[in-house]
Amino acid sequence: MAAVTPLLLLLLLSSAPSFSSESRNAYNINGRVKIPQGLGLGTKGYALPGRMSNVKVLLNGGQNITFLRPDGYFSFHNIPAGTHLIEVSAIGYFFSPVRVDVSARNPGKVQAALTENRKGLSELVLEPLREEQYYEIREPFSIMSLLKSPMGLMVGFMLAVAFLMPKLVENMDPEEMRRAQEEMRSQGVPSLSSLLPGGAMN
Amino acid sequence: MAIMSFIFVFFFFSSLQPILSLYEDQVGLMDWHQQYIGKVKQAVFHTHKTGRKRVVASTEQNIIATLDLRSGEIFWRHVLGPNDVVDGIDIALGKYVITLSSGGSILRAWNLPDGQMVWESSLHGPKHSKSLLLTTNLIIEKDNSLIVFSNGRLNAVSCIDGEVLWKKDFEEESLEVQQVIQPPGSDFIYVVGFAASSQFETYKINAKNGELLKHESTAFSGRFSGEVSLVSSETVAALDSTGSILLTISFHNGKISSQQTPVSNLLEDSLGLAVIIHSSVTGIFAIKTDAATIFIRVIGEGKLEVVEKTNHETVVSDALTISEGQQAFALVQHAGSNIHLTVKPAHDWDSNLLKESIKMDQQRGFVHKVFINNYIRTDRSHGFRALIVMEDHSLLLLQQGAIVWSREDGLASIIDVTTSELPVEKAGVSVAKVELNLFEWLKGHVLKLKGTLMLATPEDIAAIQYMRLKSSEKSKMTRDHNGFRKLLIALTRAGKLFALHTGDGRIVWSHLLQSLHKSESCRQPIGLNLHQWQVPHHHALDENPSVLVVGRCGPSSDALGVLSLVDSYTGKEFSSLRLVHSVAQVIPLPYTDSTEQRLHLLIDADKHAHLYPKTPEAIDIFQSEFSNVYWYSVDDDNGIIKGYALKTKCSGNVADEFCFDSRELWSIVLPSESEKIITTATRKLNEAVHTQAKLIADQDVMYKYISSNLLFVATVAPKASGEIGSVTPEESWLVVYLIDTVTGRVLHRMTHHGSQGPVQAVLSENWVVYHYFNLRAHRYEMSVIEIYDQSRADNKDVWKLVVGNHNLTSPVSSYSRAEVITKSQSYFFTHSLKAIAVTLTVKGITSKQLLIGTIGDQVLALDKRFLDPRRSVNPTQAEREEGIIPLTDSLPIIPQSYITHSLRVEGLQSIITVAAKLESTTLVFAHGLDLFFTHYAPSRTYDSLTEDFSYALLLITIVALVAAIFVTWILSQRKELQDRWR
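Residues numbered from 1 in each chain as written. Chains lettered and ligands numbered in written order. Predicted model: local features only at pLDDT ≥ 70, side-chain atom pairs only at ≥ 80, totals over all residues. Heavy atoms only, no water.

Identification of chain B as ER membrane protein complex subunit 1 from Gossypium barbadense is taken from an unreviewed UniProt entry. The UniProt entry for chain B carries the following comment under Subunit (unreviewed entry): "Component of the ER membrane protein complex (EMC)." Quoted verbatim from the Sequence similarities (unreviewed entry) field of the UniProt record, the comment on chain B reads "Belongs to the EMC1 family." (UniProt positions renumbered as here; feature names shortened; annotations may be inferred.)

In the annotation of an unreviewed UniProt entry, chain A is listed under the name ER membrane protein complex subunit 7 beta-sandwich domain-containing protein and assigned to Gossypium darwinii. The UniProt entry for chain A carries the following text under Subcellular location (unreviewed entry): "Membrane".

Have a look at this one:
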């Protein structure tokens, strides 16, 4: 999994998004989605398709859908007063849904909070909590990974047996060795040499 | 030796890495993705500039898309909200696509090359009205402007930033504005309309500032009906409501003069119910009646002349200005299996600019719409291309007498999907593609090995990727061992049936159903669902499988039903029936006849049951199971759930032995003032459950309550059935029920206070998972209910089992009153849901995962272990070993477990899971506007080698091992020899 990269904010806020009232019972929700530039694209060896033009902003589970302007601003028109939920759908980024309260009594009052971590927002500026990496990263080729594979282990084990076992046998006391061989023969456990056609000669 | 092999096995298993998700280079191996836009409503060409030629289209599925005019590929596409219906589109300044939507209240501009929204403005007005979009070359305050009429207000909007430059209200209550006209080259606008349907009104407005210059009106003795057709920039044609008088009204310079022409002067017979077709061809307008389309020319001052009367299905395009002062338009007519495309100049009906005859696939039906565009040929004459929309919603580009490209956009509106097996591979039957020979096979694997060892050149990598994607194995037209290759049969809203191959998603056949074709007796046919009619496997292998398509003639549930039987291999409709009864419910019965035809029970609106197929054999089979058939109905509006059983043969009808009366067994009436049914869910009929027992940590056994008659019902407070945020938590609640549908017994009832819908639910085995909105936390929640059979719980005693004193062998029956216990738990979930499904495997051994269609149109796989009511904050050691995950308040979203990886299934509607023959794998098909298909293994593919298994590496290992054996043999021989010499 990709590490959560710290987000850089390149653009500073210029104007505060607000709730402006259009008519008696309909309000507008204005906000902004900020996706840090320079991340995602190209840094991982492939381009994340999370372009600004493919970002959707959804109100109340898709009841209203709006899109972002080039500067990231969006607005919902004709929204009744009450509590609403705004979700951002952007491939490659994880956004927390945002709870937005549109107050009928004092229009223009901003009440927004991320529902994931209950963090309040003073302005309706939505930033991704993290990037999403949809693919496993292929580990670069290394001798270790080859050795760790079942085949590598098999070969390694065989080599160990072939070259280390005789060494072990050599270091043994000849007396003990003979006794062990006797024991093995009496138990009928075939030794490596007796298994092979040439070994049958002794 | 035993220890050695143990160590080896241990190493072998420990080296398997947990890979649940995809590597990026595996995209397209198991999955395919297709993008559609739906039925095109309006199309605008953009061919003036050099560079890519495009066409911008808006569709009935609320999509704005630009397509490549050469290939029909999508450049970009935006799916607007469900209520954001597109009223009009146009191109402004040659670089912006302008859309007017939501009943004329939202005006947006999109950048033509990349689809980035440039500006958006919200237009309001005093009242509802028709919405009209007019792009002009007018320059107001240095800005190019658009004229929009919507909601009773005329707006001039700047093209650059969407700012409203001026506005003018038309508040008069009865005024219905029909047209907004800007005579070319002038700086005023005419707004014409009807007041009180009998008064003709014109307003002349200064286009620079919206000032009213002149207002005139004349009364007309009759009443106007419907639309007006623009004959010239200062003349309109209209039809009165009786269809007997044609009016041409000219308002030159604001002065209204009208001419009335009785239709009888022009035609022998009266028109009957007729409508004026909205077109913009100068001098000509068209009237469409049931039987014919009549083209009428306006000569001079209100003189009318019939130029042509066609009895065929005829479609006419809008006018296209081809050169200074010259207009052309296109006509499309059907003649047998051909269509005739004619392009005529507007001023001269009798000459043709173009006449082409194109062979058209009969399965596309009639032409519904035509849009034309011109280009200059090398010899400086005009060439024309036409974009046509067919009855099956497909989109075709015609140029030079041929179809340049076609798009099957009917697949954007799938109603129901079923699957069918492919034919068995037989000896002698040639399979489409030649098998690879051994050398190529080896070469491929050597390439792959090079890839793993990072020795491959870029060309090699490309070759490997191509080889993997184009593997002939997956797109063969025969059955495979693993059951991956199947046909997906999809019924679309246009009444067309498509068969898609699961290997690569290509269309194997498509068929426009006769039974769902509009006709005299069936005016509004709609498809309802698909069922597997015949699935031959044992004694009827020679027969082809077939599917049953159920539809009805009209939207209401008491409309008469229609049935079609379609061969799954060829797409031939071998039987089409018009029923004499309605279809409210279709119940596939678990019985088949000798030819493997499945018995189906169709329940009509009067609760009579009709048995199909209508054969004596079917009735024999059915009679023996007569008393075991139960069904239920859910009445959402009244909040009543009822259970039924069969009673006798129909009494009233004339000797219909396939019709049965039903009797009501039970009913559950929910209090309508406090509960409203919003969702129901049942188990899939074909779901297999491997074991009823569930071993839990302390060597204990729990028995799952497994019944195929379980129904999940969710109700909400009537106030809370609206959108999120419309109620306070205090006045909103969600109640869920688990009901046995045979006895009507409520097995479980639970209330979530302060919660509301929409609810998405899935029921499988002995559990149900549902998703809803928690108003108090203002977050979405998912809950799980598991239901266990307590009556079997005392079978734990080994002695009882030994003595035989247990009830394990007694059948599970709805008649016996089961003692059940339920366990339940809730978790937060981040996203809204569009669909939810569960993986399905052939034997039900593989652990389950939930497939969640999120609001972002992605499909997320979530292990069922995260929704286990036995999760606790600190699980004991034994529980941990069993695989219980410590409790967290919210469900994790792991990006790698999105099975749609970086793709979107736009407009996601439903997720369908089908079991493959391989136990570990389930086939997943998600559809909406897009289609997405993939193989998914919830517990990894434990029963087969993965695709990236390297045979070459295995071969090398074996060779290395053999070599090692020989080396050691030689060494040991030499050593022995030395020993003897010593």
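J.: It is not clear to me how the overall build of chain B should be interpreted in this structure. Could you clarify?
T.: Helix and strand counts for chain B come out as eight helices and 64 strands. For chain B, the share of sequence-separated contacts (at least 6 apart) that also reach a separation of at least 24 residues comes to 51%. (Helix = DSSP H or I, 4+ residues; strand = E, 2+ residues; numbered from the N terminus. Contact = heavy atoms within 4.5 Å.)

J.: Got a minute to help me understand the overall build of chain A in this structure?
T.: Secondary structure assignment for chain A yields four helices and 12 strands. A burial count over chain A gives 39% of its 202 residues as buried. If you take every contact in chain A between residues at least 6 apart in sequence, the share linking residues at least 24 apart comes to 55%. Summing over all exposed atoms, chain A offers an accessible surface of approximately 11200 Å²; the carbon and sulfur share of this is 58%. (Buried < 20%, exposed > 50% of the residue type's maximum accessible area, 1.4 Å probe, protein only. Areas by Shrake-Rupley, 256 points an atom, 1.4 Å probe, with all protein chains shown as cover.)

J.: Help me out: how do you make sense of the pattern of salt bridges in this one?
T.: Side chains that differ in sign of charge can pair as their charged atoms come close. Applying the stated criterion across every chain yields a total of 30 salt bridges over all chains. Between R364 of chain B and E408 of chain B there is a salt bridge, and its shortest N-O distance comes to 3.1 Å. On the criterion of sequence distance, the pair formed by R364 of chain B in the loop between strand 30 (354-359) and strand 31 (367-376) and E408 of chain B in the loop between strand 34 (402-407) and strand 35 (414-421) is long-range, its members being 44 residues apart. Accessibility classification places R364 of chain B together with E408 of chain B in one group, the buried group. Three or more residues joined by partner-sharing salt bridges are found here, namely K56 of chain A together with K834, D857, R904 and E906 of chain B. (Salt bridge = Lys/Arg side-chain N within 4 Å of Asp/Glu carboxyl O.)

J.: Would you mind showing me how to read empty space enclosed by the protein here?
T.: Gaps left between atoms show up when a probe the size of a water molecule is rolled over them. Residues and elements named next belong to chain A. Considering all chains together, one arrives at three cavities of 30 Å³ or more under this definition. Estimates place the volume of the largest cavity at around 160 Å³. Broken down by secondary-structure element, the contributors of at least two residues to the lining of the largest cavity are strand 6 (82-89) and strand 7 (93-94). It is strand 6 that contributes the most residues to the lining of the largest cavity, three residues altogether. The residue makeup of the lining of the largest cavity, split by class, is nine nonpolar, six polar and three charged. (1 Å grid on protein atoms, 1.4 Å probe; cavity = no way out; pocket = protein on both sides within 12 Å on 5 of 7 lines; lining within 4 Å. Points joined across faces, edges and corners; volume = space filled by probe spheres on them. Nonpolar A, V, L, I, M, F, W, Y, C, P; charged D, E, K, R; others polar.)

J.: Can you walk me through the sheet that holds strand 35 of chain B in this structure?
T.: Through backbone hydrogen bonds, the strands of a sheet pair up, either in parallel or in antiparallel fashion. Residues and elements named next belong to chain B. One open sheet accounts for four strands, arranged 35-36-37-38; its pairing is antiparallel. Every other strand in the sheet has two partners, leaving strand 35 and strand 38 (507-512) as the edge strands with one partner each. Taking the axes of each pair of neighbouring strands and ignoring which way they run, one obtains an average angle of 20° across the sheet. The sheet contact formed by strand 35 and strand 36 (residues 486-492) spans seven bridges and is antiparallel. (Pairing = 2+ DSSP bridges. Axes fitted to C-alpha atoms, helices over the stretch in contact; angles between N-to-C directions.)

J.: What is the right way to read the interface of chain B and chain A from this model?
T.: By convention, interface size is frequently given as the accessible area that disappears when the constituent parts associate. Every contact between the two is made by 76 residues of chain B and, on the other side, 68 residues of chain A. Summing both partners gives a buried area of about 6400 Å² for chain B against chain A, and 61% of it is carried by carbon and sulfur. When the area that chain B buries against chain A is broken down by residue, the three leading residues are H778, Q896 and R904 of chain B, summing to 10%. As a salt-bridge pair, E906 of chain B and K56 of chain A come within 3.0 Å of each other at their nearest N and O atoms. Contributions of two or more residues to the side of chain B that touches chain A are made by helix 1 (2-14), strand 5 (74-79), strand 8 (106-111), strand 9 (117-122), strand 57 (779-789) and helix 8 (951-981) of chain B. A total of 14 residues in the side of chain B that touches chain A trace back to one element, the largest contributor, which is helix 8 of chain B. Classifying every residue of the side of chain B that touches chain A gives 34 nonpolar, 25 polar and 17 charged. (Buried area = accessible area lost by both parts, 1.4 Å probe.)

J.: In this structure, what is going on with helix 5 (residues 616-624) of chain B? I would like to understand it.
T.: In an α-helix, one full turn covers 3.6 residues, which means residues spaced three or four apart are oriented alike. All names here are of chain B. Along helix 5, the residues that are buried comprise A618, I619 and F622. One side of helix 5 holds all its buried residues, which, seen down the axis, span an arc of 95°. Residues P616, D620 and S624 are exposed on helix 5 and point more than 90 degrees away from its buried face. Those residues of helix 5 that are buried are in contact with strand 43 (585-592), strand 44 (598-603), strand 45 (609-612), strand 47 (640-649) and strand 48 (659-669). (Arc of directions from axis to C-beta.)

J.: Please clarify how the confidence of the model for chain A should be interpreted in this entry.
T.: It should be kept in mind that the predicted coordinates are not to be read in detail where pLDDT is low. All names here are of chain A. Taken over all residues, the pLDDT of chain A has a mean of 70, while the share at 70 or more is 67%. Between residues 39-50, whose pLDDT stays under 50, and residues either more than four places distant or in other chains, the model counts 24 contacts. Considering only residues more than four positions removed or in separate chains, one finds that residues 198-202, a stretch of pLDDT under 50, has eight contacts. (pLDDT = per-residue confidence, 0-100.)

J.: Would you mind showing me how to read the environment of E87 of chain A here?
T.: Assignment of secondary structure puts E87 of chain A in strand 6. Residue E87 of chain A is classed as buried on the basis of its relative accessible area, which comes to 3%. Along the chain, E87 of chain A and R99 of chain A lie 12 residues apart, while their C-alpha atoms are 9.0 Å from each other. If we skip the residues at most four places from it in the chain, E87 of chain A touches K56, V57, L58, G61 and P97 of chain A together with Y780, T830, H831, S832 and I855 of chain B. One polar contact links E87 of chain A to S832 of chain B, side chain to side chain, over a distance of 2.4 Å. (Polar contact = N/O pair within 3.5 Å; in protein donor to acceptor, adjacent residues only side chain to side chain.)

J.: Looking at this structure, I do not really get the domain arrangement of chain A. What am I missing?
T.: Domain assignment breaks chain A into domain 1 (27-38 + 51-131) and domain 2 (143-184). Here the C-alpha centre of domain 2 of chain A lies 66 Å away from the C-alpha centre of domain 1 of chain A. (Domains from an automatic or database assignment.)

J.: Just to check I follow, could you spell out the sheet that holds strand 63 (residues 922-927) of chain B for this structure?
T.: Residues and elements named next belong to chain B. Spatially, 1-64-63-62 is the arrangement adopted by the four strands of the open sheet, whose pairing is antiparallel. Strands at the two margins of the open sheet, each flanked by one partner only, are strand 1 (32-34) and strand 62 (910-915). Going from strand to strand, the sheet's axes swing by 15° on average, the running direction of each strand aside. Bridging between strand 63 and strand 64 (residues 931-936) involves six bridges; their strand directions are antiparallel.

J.: When you look at the pairing of strand 13 (residues 164-169) of chain B in this model, what are you seeing that I'm missing?
T.: Residues in a regular strand project their side chains so that they alternate between the two faces of the sheet. Residues and elements named next belong to chain B. As judged from the five bridges shared by strand 12 (residues 153-158) and strand 13, these two strands associate in the antiparallel manner. Across the sheet, the residue bridging to L154 is K168, located in strand 13. Hairpin connection of strand 12 to strand 13: five residues between the antiparallel strands, including G162 at a positive phi of 75°.

J.: Sorry, what's going on with helix 8 of chain B here?
T.: Its 31 residues give helix 8 of chain B an end-to-end C-alpha distance of 45 Å, which sits within 8% of 45 Å, the value for a rise of 1.5 Å per residue. When we look at burial in helix 8 of chain B, the residues that qualify are A952, L953, T957, L961, A964 and T968 of chain B. (Expected span 1.5 Å × (residues − 1).)

J.: Please explain the side chain of T934 of chain B as it appears in this structure.
T.: Note that T934 of chain B resides in strand 64. Residues in contact with T934 of chain B, not counting those within four places in the same chain, are M30, D31, I899, T922, L923 and V924 of chain B.

J.: It is not clear to me how the packing of aromatic side chains should be interpreted in this structure. Could you clarify?
T.: To describe a pair of aromatic rings, one takes the distance between the centres and the angle between the planes. Taken as a whole, this structure holds 18 aromatic pairs over all chains when the rule is applied. Judged by centre distance (5.5 Å) and plane angle (80°), the ring pair of F188 of chain B and Y190 of chain B falls under edge-to-face. The same class applies to F188 of chain B as to Y190 of chain B, namely buried. Taken together, the aromatic side chains of F67 of chain A together with W76 and W110 of chain B make up a single cluster linked through ring pairs. (Phe/Tyr/Trp six-rings, centres within 6.5 Å; stacked < 30°, edge-to-face > 60°.)

J.: What is the right way to look at the environment of S944 of chain B in this model?
T.: Locating S944 of chain B in the fold gives a position in the loop between strand 64 and helix 8. Each C-alpha atom, one on S944 of chain B and one on L132 of chain B, is 61 Å from the other, the two residues being 812 residues apart in sequence.

J.: Explanation requested: the confidence of the model for chain B in the structure shown.
T.: Residues and elements named next belong to chain B. When pLDDT is averaged along chain B, the result is 82, and 90% of the positions lie at 70 or above. Ignoring residues within four places in sequence, the model shows residues 1-19, a span with pLDDT below 50, making 11 contacts including any to other chains. Throughout residues 428-434 the model reports pLDDT below 50, and contacts reaching past four residues in sequence, or to other chains, amount to four contacts. Both scores are available for the predicted complex, with the pTM at 0.85 and the ipTM at 0.82.

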